Amino acid sequence: MKQKQHFDTQAIHSGNATQPYGCLTTPIYQTSTFTFDSVEQGANRFSGEEAGYIYSRLGNPTTRELELKMADLELCDDAIATASGMGAVSATLLANLSCGDHLIASQAVYGCTYSLLTEQLVRFGIEVTLVDMADKQQVLSAVRENTKVIFLETPVNPHLAVYDLTFIAQLAKEHQLLSVVDNTFMTPYLQQPAKFGIDVIVHSATKYLNGHGDVIAGIICSSSEQIELIASTMIKDIGAVLGPFDAWLILRGLKTLSVRMERHCTNGLAIAQWLEKQPAVNKVYYPGLDSHPGNHFIPEQMTQGGGVIAFTLNAELEQVKGFVNALSLFKIAVSLGDAESLIQHPASMTHATYSDEDKKTAGITDSLLRISVGLEHSDDLINDLDHALVGLSN
Ligand code: LCS
C-alpha cells in the first residue's frame, strides 16, 4: 500500500513522472503539437483508442504534471490547468450552467468574478443570485427549482469573511447542486475544501501556488468526470489553456509552498496583531485574529489565517491615499501571494467593477485597504507601516 505522505513531501514529489535522461526536474515540453507514427495512430489518439498527446491545447506533459500534483494536493481525482484564475472560474461555471439555469454566489468575491457573474453570465440567460454566505437562512431561501451551482470564496477577497464549507457542501448535496469553492487565498496547504465535501476547487495559480509574481494561471480540481467535462468542452472549445512554461514555473513554486505559506502566516498574524493596536486603524480583518468572526473556523476548516489582511483607517480618502503613497517596502500593486509585500485599494482597484450599492453590501468602503504580506522580515514591514501611519497623524 502506498504510504500516506505529509503535505510538504507531496508538494515536492506527487504527480512527478519518470523523466528522460534522469532529469531531476520536469522538462519544459515547449511544443504546440505532437507527431504521430502513422495516420492510423493519429486517428486512434483522436478517438481515444490510444492514449497519448495530440496538441498542447488538449494536453501537454509539463502541464499534466502540474495537474496531477494539484489533484493530489487538493484531495481530488483530477485537475485541469487554465490560462488564468478567471479562466478556471469561467470554465467551471460555463461548463455546468446553461441558459435558464440559476447560480447562487457570494455577494463578496474578487472584482472580475463579480463582473463575470453580474455582466457576462446573464448575457447567456443564466440567472444569478448574490447572497451573504454567512446568513444560512438567506442561502437556503435562494435555492430554486433551476439552481444548479453554488459558488463562493473563503476567505473572501477583499475583506476575508470566512464561510462554513460543511454547511455549503451539505446544502449542495441535499439540493443536487454543484458546490464550487475558490481556494486561492488559502491554497491546499491551509485548507482542503474536498475534505468537507466540496465538489470543485478553483484557484488563481497566479498567487500563492506560483508564489513569485511572474505568471498568470489557474487550476480546477475535482472528480474525473467533472474535469473531463470541463476539459472536453470549455478548454477544448473555448481554449483558456495554460502554456507549458507557465506550468513549469508553478511546478517550481509548489516545491516551496509549505515553507512560504508558513512565513506568510506568521508575518500575517504579527502584522494583523500590530495593526489592531494602532489608534489610527479602525478595523482589521484577518481570520487569524481572535476578534475575527471567522476565527472559530481555525484550525478545523483552515489551519491558519493566511497572508492577506484588510483594514480600514480612521481617515478620509485623501489621507488613506497619502498613507499608501508613503509606504516604501509595500509595493502599490494588485495581486497577492508574492515574496514582495503588496498593498492596494479595493474600492478603486480590484473591486472597481462593483456597483456602488453592491460595494456597500459587500463592505468595500473607501477607507478599506488590502495588504498581501510577503516573505520579508515582519519587523521591517511593521516599521514601514508605522512610518506611514505617523505621517497620517501629522
Ligand atoms: N479568484 C480570486 C480569489 C482572485 O483573487 C483572483 C485574482 C482570481 C480568482 C482571478 O485570477 P487571475 O485570473 O488574476 O489569475 N485576484 C486578484 C487580486 O486580488 N488582485 O489582482 C488579481
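Keep in mind the model is a prediction, meaning the values are calculated, not measured. (Residues numbered from 1 in each chain as written. Predicted model: local features only at pLDDT ≥ 70, side-chain atom pairs only at ≥ 80, totals over all residues. Heavy atoms only, no water.)

Thoughts on the overall build of the protein
Thought 1: Looking only at helices and strands, the protein features 14 helices and 12 strands.
Thought 2: Its C-alpha radius of gyration of 21 Å places the protein within 12% of the 21 Å reference for a compact globule of 394 residues.
Thought 3: For the C-alpha atoms alone, the extent of the protein along its principal axes is close to 75 × 55 × 40 Å.
Thought 4: Per-residue burial for the protein yields a buried fraction of 54% across its 394 residues.
Thought 5: Put simply, 72% of the contacts in the protein that link residues at least 6 apart link residues at least 24 apart.
Thought 6: For the protein, the centre of its 25 positive side-chain charges and the centre of its 44 negative side-chain charges are spaced 2 Å apart. (Helix = DSSP H or I, 4+ residues; strand = E, 2+ residues; numbered from the N terminus. Rg over C-alpha atoms; globule rule 2.2 N^0.38 Å. Buried < 20%, exposed > 50% of the residue type's maximum accessible area, 1.4 Å probe, protein only. Contact = heavy atoms within 4.5 Å. Lys, Arg positive; Asp, Glu negative; His and termini not counted. Charge placed at Lys NZ, Arg CZ, Asp CG, Glu CD.)

Thoughts on the domain arrangement of the protein
Thought 1: Each assigned domain of the protein is listed here: domain 1 (7-254) and domain 2 (257-393).
Thought 2: Carbon and sulfur atoms supply 61% of the area that domain 1 and domain 2 bury against each other, a total of about 3,200 Å² over both sides.
Thought 3: On inspection of domain 1 and its partner domain 2, the count reaches zero salt bridges.
Thought 4: Where domain 1 touches domain 2, the interface holds 21 residue pairs in polar contact (both at pLDDT 80 or more).
Thought 5: Among the secondary structure elements, those contributing two or more residues to the side of domain 1 that touches domain 2 are α1 (7-13), α5 (111-120), α8 (187-190) and α10 (244-254).
Thought 6: When residues in the side of domain 1 that touches domain 2 are grouped by element, the largest group, four residues, is from α5. (Domains from an automatic or database assignment. Buried area = accessible area lost by both parts, 1.4 Å probe. Salt bridge = Lys/Arg side-chain N within 4 Å of Asp/Glu carboxyl O. Polar contact = N/O pair within 3.5 Å; in protein donor to acceptor, adjacent residues only side chain to side chain.)

Side note on the side chain of threonine 129
Thought 1: Within the secondary structure, threonine 129 is located in strand β3 (residues 127-131).
Thought 2: In this structure, threonine 129 is in contact with His102, Leu103, Ile104, Ala105, Ala142 and Arg144, ignoring residues within four places of it in sequence.

Considerations on the sheet that holds strand β9 (residues 308-313)
Thought 1: Strand order in the open sheet made by the five strands is β8-β9-β12-β11-β10, with mixed pairing throughout. Of all strands in the sheet, those with a lone pairing partner are β8 (281-285) and β10 (331-332), marking the two edges.
Thought 2: Where helix α11 (residues 257-276) meets the sheet, its contacts fall on β8, β9 and β12 (368-372), and the angle it forms with β9 comes to roughly 10 degrees. (Pairing = 2+ DSSP bridges. Axes fitted to C-alpha atoms, helices over the stretch in contact; angles between N-to-C directions.)

Re the packing of helix α3 (residues 61-73) against α10
Thought 1: Two numbers describe how α3 lies on α10: the axes approach to 8 Å, and their chain directions differ by 40 degrees. When the axes of α3 and α10 are compared, the pair comes out oblique. The handedness of the crossing between α3 and α10 comes out as left-handed. Facing Thr62, Thr63, Glu65, Leu66, Lys69, Met70 and Leu73 of α3, the residues of α10 in contact are Pro244, Ala247, Trp248, Ile250, Leu251 and Leu254.
Thought 2: Tallied by class, the residues present in the contact of α3 with α10 amount to nine nonpolar, two polar and two charged. (Parallel < 35°, antiparallel > 145°, perpendicular 65-115°, else oblique. Left-handed = near helix turned anticlockwise from the far one by under 90°. Nonpolar A, V, L, I, M, F, W, Y, C, P; charged D, E, K, R; others polar.)

Description of the nonpolar core
Thought 1: Leu66, Leu93, Met133, Ile150, Phe151, Ile220 and Ile250 are the most contacted members of the largest nonpolar core, which has 90 residues in total.
Thought 2: Composition of this core by domain shows at least three residues from each of domain 1 (7-254) and domain 2 (257-393).
Thought 3: The contacts of isoleucine 250, once residues within four sequence positions are left out, are Leu66, Ala205, Leu209, Asn210, Val215, Ala217 and Leu242.
Thought 4: In terms of nonpolar packing, the next biggest core, distinct from the first, is built from 27 residues, Leu275, Leu369, Val373 and Ala388 among them. (Core = buried A, V, L, I, M, F, W, Y, C linked by side-chain atoms within 4.5 Å.)

Structural notes on the sheet that holds strand β7 (residues 218-222)
Consider a sheet: its strands pair through backbone hydrogen bonds, and that pairing is either parallel or antiparallel.
Thought 1: The seven strands lie next to each other as β1-β7-β6-β5-β4-β2-β3, forming an open sheet whose pairing is mixed. Edge positions in the sheet fall to β1 (78-82) and β3, since each has one partner strand and no second. Neighbour-to-neighbour, the strand axes of this sheet turn through a mean angle of 20 degrees, independent of strand direction.
Thought 2: The sheet contact formed by strand β2 (residues 102-106) and β3 spans five bridges and is parallel. Within the sheet, the bridge partner assigned to histidine 102 lies in β3 and is glutamate 127.
Thought 3: Running over the sheet, α3 touches β1, β6 (200-204) and β7 and is turned about 130 degrees from β1.
Thought 4: The sheet contacts of helix α7 (residues 165-174) involve β4 (147-153) and β5 (178-182), and relative to β4 the element is tilted by about 170 degrees.

Comments concerning α5
Thought 1: Within the sequence span of α5, burial applies to Gly111, Thr113, Tyr114, Ser115, Leu116 and Leu117.
Thought 2: If you follow the buried residues of α5, they end up packed against α4 (85-96), β2, β3, β4 and α13 (356-362).

Topic: the site of the ligand
Thought 1: Inspection of the region around the ligand gives 18 residues, with Asp182, Thr206, Lys207, Ser335 and Arg370 positioned closest.
Thought 2: Separating an oxygen atom of the ligand from a backbone N or O atom of methionine 86 is a distance of 2.9 Å.
Thought 3: A distance of 2.9 Å is found between a nitrogen atom of the ligand and a side-chain nitrogen or oxygen belonging to lysine 207.
Thought 4: Contact with the protein chains hides 94% of the accessible area of the ligand, taken as 480 Å² for the molecule alone.
Thought 5: Looking at the shell around the ligand residue by residue, the class counts come to six nonpolar, eight polar and four charged.
Thought 6: Three or more residues apiece are contributed to the shell around the ligand by two domains, here domain 1 (7-254) and domain 2 (257-393). (Near = heavy atom within 4 Å. Areas by Shrake-Rupley, 256 points an atom, 1.4 Å probe, with all protein chains shown as cover.)

Considering unusual backbone geometry
Thought 1: Note the cis peptide between threonine 154 and proline 155, where omega equals -5 degrees.
Thought 2: Residue proline 158 is bonded to the preceding asparagine 157 through a cis peptide linkage, with omega at 15 degrees.
Thought 3: Within the secondary structure layout, proline 158 lies in the loop between β4 and α7.
Thought 4: Look at tyrosine 21: it is not a glycine, yet its phi comes out positive at around 60 degrees.
Thought 5: Here tyrosine 21 is to be found in the loop between α1 and α2 (39-47).
Thought 6: Residues other than glycine seldom take positive phi values, yet leucine 160 does so here, at roughly 65 degrees.
Thought 7: Looking at the element boundaries, leucine 160 is found in the loop between β4 and α7.

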